[in-house]
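Examination of the molecular architecture
Given next are the chains, with one letter for each unit.
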Amino acid sequence: MFQHITVLLEEAVEGLAIKPDGIYVDCTLGGAGHSERIASKLGDGGRLIAFDQDDLALDNARVRLAPYMDKVTLVKSNFRYLEDELKGLGVPMKDGLPQVDGILFDLGVSSPQLDEADRGFSYNHDAPLDMRMDRDTDLTAAEIVNEWEEREISRILSVYGEEKFSRQIARNIVQARAKAPIETTGELVELIKTAIPAAARRTGPHPAKRSFQALRIAVNDELGAEEDALEQTVRCLAPGGRASVITFHSLEDRICKQAFAKYIEKCTCPPDFPMCVCGAKGTLKLVNRKPIVPSEQELEMNPRARSAKLRVAEKL
C-alpha cells in the first residue's frame with residue numbers, strides 16, 4: 001500500500017457533513033485517505049464513488065478500502081468527466097442531472113506519484129521526463145520540452161509555475177535540445193539551475209520546483225480539468241449537498257474561489273435601497289468565509305501540506 005499522509009483529512013471530510021445514507025464522490029482518490037474516512041462514516045444505504053486516472057492508485061484503493069467495497073465504486077477517469085460518469089452509475093437524477101450529497105477534491109499531484117521515481121514528477125529523482133497522471137494518454141513532459149516552441153515553453157513556465165526566470169529557462173532548454181534531446185528530469189534540473197542567477201538559487205524553494213509544477217499542469221491540463229469539474233460539481237450537487245476542495249497553489253485556489261463566487265447570491269440593488277427588491281438568488285453559499293489551512297501540528301507531521309487551502313460550499 002502507498003505510504004501517504006492525507007492532507008486536511010478531518011477538515012475536508014467534516015466539511016461534507018456526511019449523512020450515513022448519502023452518496024459521495026471523491027474526485028481525487030490518490031492514496032485513498034479521504035475515501036477511507038468517508039466510507040467509514042457511511043451506513044448500509046450510503047455510497048462512495050471515487051475517481052482516479054492512475055492504475056496504481058486504483059489498485060492501492062482496492063486494498064485499503066477492502067472493508068468497505070460493498071459501498072464503494074472505483075472509476076478510472078479524469079474528474080473533468082464527472083457528470084457523464086455519474087450518469088452511467090445509477091445515481092439519482094433530477095432534470096437530467098445526477099444528484100449527489102457531497103463531492104471532494106484534493107488537487108495536484110499525490111505524494112505517492114511524487115515518490116515513485118520513474119514517473120518523472122520529482123526534481124529530486126533522475127527519471128525519464130514523463131509526468132503523466134494517466135499513462136494511457138499521449139502528451140509527456142519530454143514532448144513539451146523537446147518539441148514545443150520557445151515562446152510557448154516560456155509562457156507555461158510563467159503562467160502555470162509563476163516562474164520569473166521563464167524566458168531564460170526556455171532559452172536554455174531550446175539551446176540544449178538543438179544539440180541532443182533532453183530525456184531525463186536530472187538533465188532538465190541542471191538546465192533550469194543554470195538559467196537562474198546564483199543569488200536567487202540560494203533562497204526559497206528548490207530552483208526547479210516552479211518549472212516542474214508548470215510542466216505537470218500542462219501535461220495533464222490540470223487547470224482546465226479543474227474548471228470543468230467545478231462547473232459540473234455545482235450542477236451535480238443535490239440541495240444541501242457540499243463541495244470540499246483542497247488546493248495547493250494560487251492558480252488552483254483562484255479557480256476554486258472564482259467558481260464558487262460565480263454562484264453565490266449577489267444583490268444587484270443600489271446601495272441606498274433600504275431593502276433588497278431585486279430577488280437575486282444564489283446557487284451556493286460558503287460554509288467558511290476564509291479558506292481552512294493546516295494546523296501547526298499537521299505541518300510538523302507533513303511539511304508538504306504547507307500550501308494547502310480548503311474551501312467548502314453548500315448547494316442551496
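Scope of this entry: the structure provided in the associated data block. The structure presented is a predicted model; accordingly, all values stated were derived computationally and were not measured.

Moving on, we come to the overall build of the chain. When you go through the chain residue by residue, the secondary structure sums to 14 helices and nine strands. Scaling as 2.2 N^0.38, a compact globule of 316 residues should have a C-alpha radius of gyration of about 20 Å, and the chain matches this with 21 Å. Along the first, second and third principal axes, the C-alpha atoms of the chain reach 65 × 60 × 40 Å. Here the chain holds 316 residues, and 51% of them are scored as buried. When the accessible surface of the chain is totalled, it reaches about 15300 Å², and 49% of it is carbon and sulfur. Positive and negative side-chain charges of the chain, numbering 42 and 50 respectively, have mean locations separated by a distance of 6 Å.

With that settled, the discussion passes to the nonpolar core. In this structure, Val-25, Ile-103, Phe-105 and Leu-188 are the most contacted members of the largest nonpolar core, which totals 61 residues. Contacts of Leu-188, omitting those with residues within four sequence positions, involve Leu-129, Val-145, Ile-173, Ile-182, Phe-212 and Leu-215. Counting residues in hydrophobic clusters, the runner-up holds 28 residues, among them Leu-9, Ala-61, Leu-299 and Ala-308.

Attention now goes to unusual backbone geometry. Backbone geometry at Leu-8 places phi at a positive 50°, although glycine is not the residue there. As for its placement among the helices and strands, Leu-8 is situated in the segment before α1 (9–15). Judged by relative accessible area, Leu-8 falls into the buried class, the value being 0%. In the Ramachandran plot, Asp-221 falls in the positive-phi region, its phi being about 45° despite a non-glycine side chain.

Two elements in contact, helix α7 (residues 150–161) and helix α8 (residues 166–177), have axes separated by 8 Å at closest approach and are oriented at 140°. Our classification of the angle between α7 and α8 gives oblique. For the element pair α7 and α8, the recorded crossing hand is right-handed. The segment α7 lies against α8, with Glu-150, Ile-153, Ser-154, Leu-157 and Ser-158 engaging Ser-166, Arg-167, Ile-169, Ala-170, Arg-171, Ile-173, Val-174 and Arg-177. Here the contact of α7 with α8 is built from residues that sort into six nonpolar, three polar and four charged.

The tally for this structure, following the rule as stated, stands at two aromatic pairs. Each ring, one from Phe-79 and one from Phe-105, has its centre 5.3 Å from the other, and the planes form 85°; the classification is edge-to-face. You can see Phe-79 sitting in the loop between β3 (72–76) and α4 (82–87) and its partner Phe-105 sitting in strand β6 (residues 100–106), a full 26 residues away along the chain. Given the relative accessible area of 12%, Phe-79 is considered buried. For Phe-105, a relative accessible area of 1% puts it in the buried group.

Let's shift gears to helix α11 (residues 209–220). Its 12 residues place the ends of α11 17 Å apart at the C-alpha level, agreeing with the 16 Å of an ideal helix rising 1.5 Å per residue. Among the 12 residues of α11, 10 are classified as buried, and the element is accordingly described as predominantly covered. Along α11, the residues that are buried comprise Ser-211, Phe-212, Gln-213, Ala-214, Leu-215, Arg-216, Ile-217, Ala-218, Val-219 and Asn-220. The inward-facing, buried residues of α11 abut α6 (141–147), α7, α8, α9 (185–195), α12 (222–236) and α13 (250–262). At the C-terminal side of α11, Asp-221 shows a positive phi close to 45°.

Criteria and thresholds
Residues numbered from 1 in each chain as written. Predicted model: local features only at pLDDT ≥ 70, side-chain atom pairs only at ≥ 80, totals over all residues. Heavy atoms only, no water. Helix = DSSP H or I, 4+ residues; strand = E, 2+ residues; numbered from the N terminus. Rg over C-alpha atoms; globule rule 2.2 N^0.38 Å. Buried < 20%, exposed > 50% of the residue type's maximum accessible area, 1.4 Å probe, protein only. Areas by Shrake-Rupley, 256 points an atom, 1.4 Å probe, with all protein chains shown as cover. Lys, Arg positive; Asp, Glu negative; His and termini not counted. Charge placed at Lys NZ, Arg CZ, Asp CG, Glu CD. Core = buried A, V, L, I, M, F, W, Y, C linked by side-chain atoms within 4.5 Å. Contact = heavy atoms within 4.5 Å. Axes fitted to C-alpha atoms, helices over the stretch in contact; angles between N-to-C directions. Parallel < 35°, antiparallel > 145°, perpendicular 65-115°, else oblique. Left-handed = near helix turned anticlockwise from the far one by under 90°. Nonpolar A, V, L, I, M, F, W, Y, C, P; charged D, E, K, R; others polar. Phe/Tyr/Trp six-rings, centres within 6.5 Å; stacked < 30°, edge-to-face > 60°. Expected span 1.5 Å × (residues − 1).

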